[in-house]
Amino acid sequence: MVRFSGVFKTYDNGVKAIKGIDMRIEDGEFVFLVGPSGSGKSTIVKLITSEERPTDGKIVVNGFNIGKLRSRTIPRLRRTLGVIFQDFRLIENKTVYENVAFAMRVIGAHPRQIADRVPKVLMLVGLSDKAHALPQELSGGEQQRVAIARALINNPRTIIADEPTGNLDPARSQEIMKLLERINSLGTTVIAVTHERGIVDSFEKRVIAIDDGKIVSDKTGGYIQ
Amino acid sequence: MRGHNLAYFLREGIKSIFLHGFMSFAAICIIVACLLIIGSFSLISYNVSLAIDNAEQQNEIVAFVDDTLSDEEAKDIENSIRAVPNVQDVIFVSRDQAFEEYSTELGEDSFLLDGLEDESVLRHRYRIFLNDIELMQETADNIENVPGIDKVNASLEISEGIISVRNVVRIVSYILAVILFCISVFIISNTVKLATFNRREEIAIMKMVGATNAFIRWPFIIEGFLLGVVGGAIAFFCQWGIYDYAAVKVHEYMQILNPVEFTDVYIPVLAIFLGAGFLVGVFGSVVTIRKFLKV
Ligand SMILES: Nc1ncnc2c1ncn2[C@@H]1O[C@H](COP(=O)(O)OP(=O)(O)OP(=O)(O)O)[C@@H](O)[C@H]1O
Ligand SMILES: [Mg+2]
């Protein structure tokens, strides 16, 4: 569950990115976060992952109170989240398998658990046959599916995707969103940032529209501006 | 720490060393060089100290007893001299003994003493050894004030010379050790900084998926540790070779100098080199990645 109450965020350089946001996303929901460039979407993502702290207001994510989080507790919050970015952020010299396994390894998982789980998740995202390819040998859509597998590997409660289809053509984008929808149907909350109208329109989901740091609309179905 | 994690840290640390092999090689060379300089100076300093101890033992004060005292009275002063601070040992030398000593010392030239059959021209005397020759002047003055002592001979120039040699060697060793320690830490810290820079994307991903700072830190600490300890070990064997070679040469040129065998000091040398390598390595990496993980 993600809850924002009266949240403001002003960056150190004085930019007011978030100007009073209240919202509540329940476990199991699929939510699109839409809005023009610079409206504050990525800032919301960073507030959820505790990469940035709110200047004012209260944020609770999967039971963690972000404003009061001690830096030692941040890893525990992050293990409940799976984050996906527009630019994939894969490690270039590691294979698909190693990229996914890496995320498990660095939170201290046992090699046996890793060997057991990675192939299953690669199967889920449809990359079993590419397990030993390097990222540069993959298409953009495939790379993003590796990133999704990595986000899923530690069994998070919430997936947050910041413009996951920003670098992909419409057909690939549709595939990625379908995959996220499928993951959502298996019980994971999905928050997807996008500004592609076509995508939003083709899914009957809750859409939260942001403009200039505030929520301008929050309803199910269609891209509203 | 669980075994599979330790294996992971070791593997990553070692991988990182080879990933930027030139920088690692340079770091090890610098550490070896710094340790060799520190080590050589310490060994020189140690040998000088031994030589000084030796000289100190031979550096004595001679106090002459007032002629008007009887033999008994002359012997009784010994306790008063012993009571003077800084006096380590006192040996009474009677006229007869002094005469004999001179004779044997002069050897074939002992005919010079021929006119002096009567050893009464010599005086009873005390040979006095000190704890600390730095206080020789003061102690000599105090002994001169002991009733019954007429005159004191103290070779102040020698003691002053010995002291200044010792102090110079000591100070130079300390200063060098501090400077070279800082240089080594700086080099290791730069190597680790490069390693963290090369891996900044990996580190960002680690943080994103919820790795703890401790987990992220370990491979870098192990990298620094390995560089430091490998440097320490290499330096040890180089030091051994250099020392043995130098000791032979020194003895060849100056027979009176007799450097200690390396095998007499190799345990402390090894301990210090490995310890210094360990400290430099771990310190250098911890300092660097503390800054890096702040975000
Ligand atoms: N680290 C930062 N420091 C200062 N200002 C920032 C920082 N990150 C974002 N901003 C500013 O905050 C505002 C909101 O940025 P944000 O990245 O949240 O927008 P966005 O909705 O994600 O835009 P886009 O669709 O282009 O990704 C912008 O004016 C941006 O310049
Ligand atoms: Mg953005």
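Cut-off values and rules
Residues numbered from 1 in each chain as written. Chains lettered and ligands numbered in written order. Predicted model: local features only at pLDDT ≥ 70, side-chain atom pairs only at ≥ 80, totals over all residues. Heavy atoms only, no water. Helix = DSSP H or I, 4+ residues; strand = E, 2+ residues; numbered from the N terminus. Rg over C-alpha atoms; globule rule 2.2 N^0.38 Å. Buried < 20%, exposed > 50% of the residue type's maximum accessible area, 1.4 Å probe, protein only. Contact = heavy atoms within 4.5 Å. Areas by Shrake-Rupley, 256 points an atom, 1.4 Å probe, with all protein chains shown as cover. Lys, Arg positive; Asp, Glu negative; His and termini not counted. Charge placed at Lys NZ, Arg CZ, Asp CG, Glu CD. Pairing = 2+ DSSP bridges. Axes fitted to C-alpha atoms, helices over the stretch in contact; angles between N-to-C directions. Disulfide = S-S within 2.5 Å. Near = heavy atom within 4 Å. Polar contact = N/O pair within 3.5 Å; in protein donor to acceptor, adjacent residues only side chain to side chain. Nonpolar A, V, L, I, M, F, W, Y, C, P; charged D, E, K, R; others polar. Phe/Tyr/Trp six-rings, centres within 6.5 Å; stacked < 30°, edge-to-face > 60°. Parallel < 35°, antiparallel > 145°, perpendicular 65-115°, else oblique. Left-handed = near helix turned anticlockwise from the far one by under 90°. Buried area = accessible area lost by both parts, 1.4 Å probe. Salt bridge = Lys/Arg side-chain N within 4 Å of Asp/Glu carboxyl O. Domains from an automatic or database assignment. Expected span 1.5 Å × (residues − 1). Core = buried A, V, L, I, M, F, W, Y, C linked by side-chain atoms within 4.5 Å.

Time to look at the overall build of chain A. When helices and strands are counted, chain A shows seven helices and ten strands. For 225 residues, the compact-globule estimate of 2.2 N^0.38 gives 17 Å, and the C-alpha radius of gyration of chain A, at 17 Å, lies within 12% of that figure. Looking at chain A residue by residue over its 225 residues, the buried ones come to 55%. Summarising the internal contacts of chain A: among those between residues at least 6 apart in sequence, 67% fall at separations of at least 24. Surface exposure of chain A reaches about 9,800 Å², of which carbon and sulfur atoms provide 47%. Of the charged side chains in chain A, 33 are positive and 26 negative, and the gap between their average positions amounts to 8 Å.

All names here are of chain A. Strands sit in the order 6-7-8-3-9-10 across an open sheet of six strands; the sheet is mixed. The sheet is open, and its two edges are formed by strand 6 (81–85) and strand 10 (214–220), each paired on a single side. Ignoring strand direction, the axes of neighbouring strands in this sheet form an average angle of 15 degrees. Of the strand pairs in this sheet, strand 7 (residues 158–162) and strand 8 (residues 189–193) are connected by five bridges, and their pairing is parallel. Paired with Thr158 across the strands is Thr189, a residue of strand 8.

This part is about the state of the cysteines. Residue and element names in this part refer to chain B. Summed over the entire model, instances satisfying the criterion amount to zero disulfides over all chains. No disulfide involves Cys34; its sulfur sits 10 Å from that of Cys182, the nearest cysteine. Here Cys238 is not disulfide-linked; the sulfur of Cys29 is the nearest cysteine sulfur, at 9.7 Å.

In this section: the site of ligand 1. Residues and elements named next belong to chain A. With respect to spatial proximity, 14 residues lie near ligand 1, and among them Ser37, Gly38, Lys41, Ser42 and Thr43 are the closest. Here a nitrogen atom of ligand 1 sits 3.4 Å away from a polar atom, N or O, in the side chain of Tyr11. Between Ser39 and ligand 1, the recorded distance is 3.2 Å, taken from a backbone N or O atom to an oxygen atom. A total of three residues in the shell around ligand 1 trace back to one element, the largest contributor, which is helix 1 (residues 41–48). Here the residues of the shell around ligand 1 sort into four nonpolar, eight polar and two charged.

Moving on to the packing of aromatic side chains. Two descriptors summarise a pair of aromatic rings, namely the distance from one centre to the other and the angle between the planes of the rings. Residues and elements named next belong to chain B. Taken as a whole and assessed by the stated rule, the structure comprises 14 aromatic pairs over all chains. For the pair Phe236 and Phe262, a centre-to-centre distance of 5.9 Å together with 45 degrees between the ring planes defines the contact as tilted. One end of the pair, Phe236, is in helix 8 (residues 213–253); the other, Phe262, is in helix 9 (residues 262–293), with 26 residues separating them in the sequence. Overall, Phe236 belongs to the buried group, its relative accessible area being 3%.

Moving on: the sheet that holds strand 4 (residues 149–154) of chain B. Residue and element names in this part refer to chain B. On the basis of which strands lie adjacent, the open sheet formed by four strands has the order 2-3-1-4 and antiparallel pairing. Taken across any chain shown, the strands that pair with only one partner, and hence form the sheet edges, are strand 2 (87–93) and strand 4. Neighbour-to-neighbour, the strand axes of this sheet turn through a mean angle of 25 degrees, independent of strand direction. Taken together, the five bridges between strand 1 (residues 60–65) and strand 4 define a ladder with antiparallel strand orientation. When the bridges of strand 4 are listed, Ala63 appears paired with Val152. Relative to strand 2, helix 3 (residues 71–82) is tilted by about 175 degrees, and along the sheet it contacts strand 1, strand 2, strand 3 (125–130) and strand 4. In the packing of helix 5 (residues 136–144) onto the sheet, the strands contacted are strand 1, strand 2, strand 3 and strand 4, and the crossing angle to strand 4 comes to about 165 degrees.

The next point concerns the packing of helix 8 of chain B against helix 9 of chain B. All names here are of chain B. Where helix 8 contacts helix 9, the axes come no closer than 7 Å and their chain directions differ by 150 degrees. Taken together, the axes of helix 8 and helix 9 lie roughly antiparallel to each other. When you trace helix 8 past helix 9, the crossing you get is right-handed. The residue makeup of the contact of helix 8 with helix 9, split by class, is 21 nonpolar, nine polar and two charged.

Taken together, the 16 residues of chain B in the interface contact 19 residues of chain A. Where chain B abuts chain A, roughly 1,600 Å² becomes buried across the two surfaces, and 63% of that area is made up of carbon and sulfur atoms. Applying the counting criterion to the chain B and chain A interface returns zero salt bridges. Where chain B packs against chain A, one counts four residue pairs in polar contact (both at pLDDT 80 or more). Classifying every residue of the side of chain B that touches chain A gives seven nonpolar, four polar and five charged.

The next thing to look at is the pattern of salt bridges. Opposite charge on two side chains makes pairing possible when the charged atoms of those side chains draw close. Residue and element names in this part refer to chain B. Applying the stated rule across the entire model yields 21 salt bridges over all chains. Glu252 is the partner of Lys249 in a salt bridge, and the nearest nitrogen-oxygen pair spans 3.7 Å. Taken as a pair, Lys249 and Glu252 lie in helix 8 at a separation of three residues, close to a single helical turn. We classify Glu252 as partly exposed; its relative accessible area is 46%. Counted as one network, the salt bridges with shared partners bring together Glu12, Lys15, Arg199 and Glu202.

Next up on the list: the domain arrangement of chain B. Looking at the assigned domains, one finds that chain B contains domain 1 (3–55 + 161–292) and domain 2 (60–154). Inter-centroid distance (C-alpha atoms) of domain 1 of chain B to domain 2 of chain B is 52 Å.

Our focus in this paragraph is helix 3 (residues 96–105) of chain A. Among the ten residues that make up helix 3 of chain A, eight are buried, leaving the element largely enclosed by the rest of the structure. Listed as buried for helix 3 of chain A are A:Val96, A:Asn99, A:Val100, A:Ala101, A:Phe102, A:Ala103, A:Met104 and A:Arg105. Next to the buried residues of helix 3 of chain A lie helix 4 (111–124) and helix 5 (140–152) of chain A together with helix 1 (3–19), helix 7 (200–208) and helix 8 of chain B.

In a regular helix each residue adds 1.5 Å, so 17 residues correspond to 24 Å; helix 1 of chain B covers 24 Å between its end C-alpha atoms and thus fits that length. Listing the buried residues of helix 1 of chain B in full gives B:His4, B:Asn5, B:Tyr8, B:Phe9, B:Glu12, B:Gly13, B:Ser16 and B:Ile17.

Core analysis: the biggest nonpolar cluster contains 87 residues, and A:Phe32, A:Ile148 and A:Leu180 have the highest contact counts within it. It is helix 8 of chain B that provides the largest number of residues to this core, a total of nine residues. By size, the runner-up hydrophobic cluster in this structure holds 27 residues, among which are A:Val2, A:Ile18, A:Leu33 and A:Ile48.

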